[in-house]
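Listed below, chain by chain, are the residues.
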Amino acid sequence: MMRLLARWCKDPVEQNKLEILSSRQGSDVYREIVVEARRSILDMLHAFPSCSPPVECLIENLPRLLPRAYSIASASGCKLLKLAFSVVDLPDIGELTARQGLVTGQFNRMYHEHITQLPNVDVYLRTQQHFRLPSDSSKPLILIGPGTGVAPFIGFLEDREKLLEAGVVLGECLLFFGNRVEASDYLFRDDLNRHLALGSLTQLHTCFSRDDHHINKTGAKYVTDLIRQQAHLVSHLIINQSAFIYVCGDAKNMAKDVNQAISHVLQTENGYTDEEVVTVVRELREEKRYKEDVWI
């Protein structure tokens, strides 16, 4: 795309800059000022005012939009499909145009512009074979879902609610949830409290990383802090009661940090060596008792 824009520049200086961005030698600069800064094509046209490609040329060369995957926050077999998504707000900084995430921004506008009658949206289902409740309902569950990663666990809890109504004995269920600010980012608060009251959820631990009042009250900023605070119980459920661990959310940092927190808890509570705890966590994964549904 940078090479295409360069061809339509009238200013030689701007043309040269775009050619550098499109070259192998300019890949680091491209990553810094385009990819990491999240510059759109519109931002680039503003930054290089002499660049005036024909509209049909832009349309022909724009990359195809990729499908977006969102976790379903509904019980299996439920007719009402609930989704959770975060609206990405990119501020107006310098020559960068203020905007929202492409699809989540569209969802947000659709919701507010058609509040009384929402439009139809075409979707497709992508089955997730491994990220499901265990067949043995008596096994304890440790659910870790910061942000919109909590969405599939709402479906889990609704399934457990049905099992309770049918008289099935359930194992303990711990949920670790985190987000930024409690007042605005406590997703599914009412649902979670309802499941606590019903018993489909036995313990709920929350943290809010940009909420000083909540941090001072709980001593926890991230879900990994909550896991460490419940070290004895988490370790007991995993080692002595064959608990299942489910992690949903960000793969880049959160999933790795949670893996480290689980490893730390198991090591400190059971006296494992570094090599032993690596083996224990690997065996949990091999036994399908440590499951992840994560994305970048």
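> What is the right way to look at the sheet that holds strand S3 (residues 141-144) in this model?
Sheets are built from strands paired through backbone hydrogen bonds, the pairs being either parallel or antiparallel. Strand order in this open sheet of 5 strands is S5-S4-S3-S6-S7, and the pairing throughout is parallel. Two strands lie at the open edges of the sheet, namely strand S5 (203-208) and strand S7 (290-295), each paired on one side alone. Within the sheet, the average angular offset between the axes of one strand and its neighbour, ignoring direction, is 10°. Pairing analysis gives 6 bridges linking strand S4 (residues 173-179) to S5, with the strands arranged parallel. Looking at the pairing, Gly178 lines up with Cys207 of S5. Of the strands in this sheet, S3, strand S6 (244-250) and S7 touch helix H13 (residues 254-270), which is tilted by about 150° from S6.

> Just checking my understanding: could you explain the packing of aromatic side chains for this structure?
One pair of aromatic rings is described through two measures. These are the centre distance and the angle between the planes. The full count for this structure, using the stated rule, is 11 aromatic pairs. Ring geometry for Phe153 against Phe156: centres 5.6 Å apart, planes inclined by 65°, an arrangement best described as edge-to-face. Linking Phe153 with Phe156, this pair stays in helix H7 (residues 151-165), spanning 3 residues, or about one helical turn. For Phe153, a relative accessible area of 0% puts it in the buried group. Since its relative accessible area comes to 6%, Phe156 is described here as buried. Residues Phe177 and Tyr186 carry aromatic rings whose centres are separated by 5.7 Å and whose planes lie at 20° to one another, so their mutual orientation is stacked. Tyr186 shares its class with Phe177; the two are buried. A connected cluster of aromatic rings, assembled from ring pairs, spans Phe131, Phe153, Phe156 and Tyr246. Taking NZ or CZ as reference, Arg285 lies 4.1 Å from the ring centre of Tyr290, over its face.

Conventions we followed
Residues numbered from 1 in each chain as written. Predicted model: local features only at pLDDT ≥ 70, side-chain atom pairs only at ≥ 80, totals over all residues. Heavy atoms only, no water. Pairing = 2+ DSSP bridges. Helix = DSSP H or I, 4+ residues; strand = E, 2+ residues; numbered from the N terminus. Axes fitted to C-alpha atoms, helices over the stretch in contact; angles between N-to-C directions. Contact = heavy atoms within 4.5 Å. Phe/Tyr/Trp six-rings, centres within 6.5 Å; stacked < 30°, edge-to-face > 60°. Buried < 20%, exposed > 50% of the residue type's maximum accessible area, 1.4 Å probe, protein only. Lys NZ or Arg CZ within 6 Å of the ring centre and 35° of its normal.

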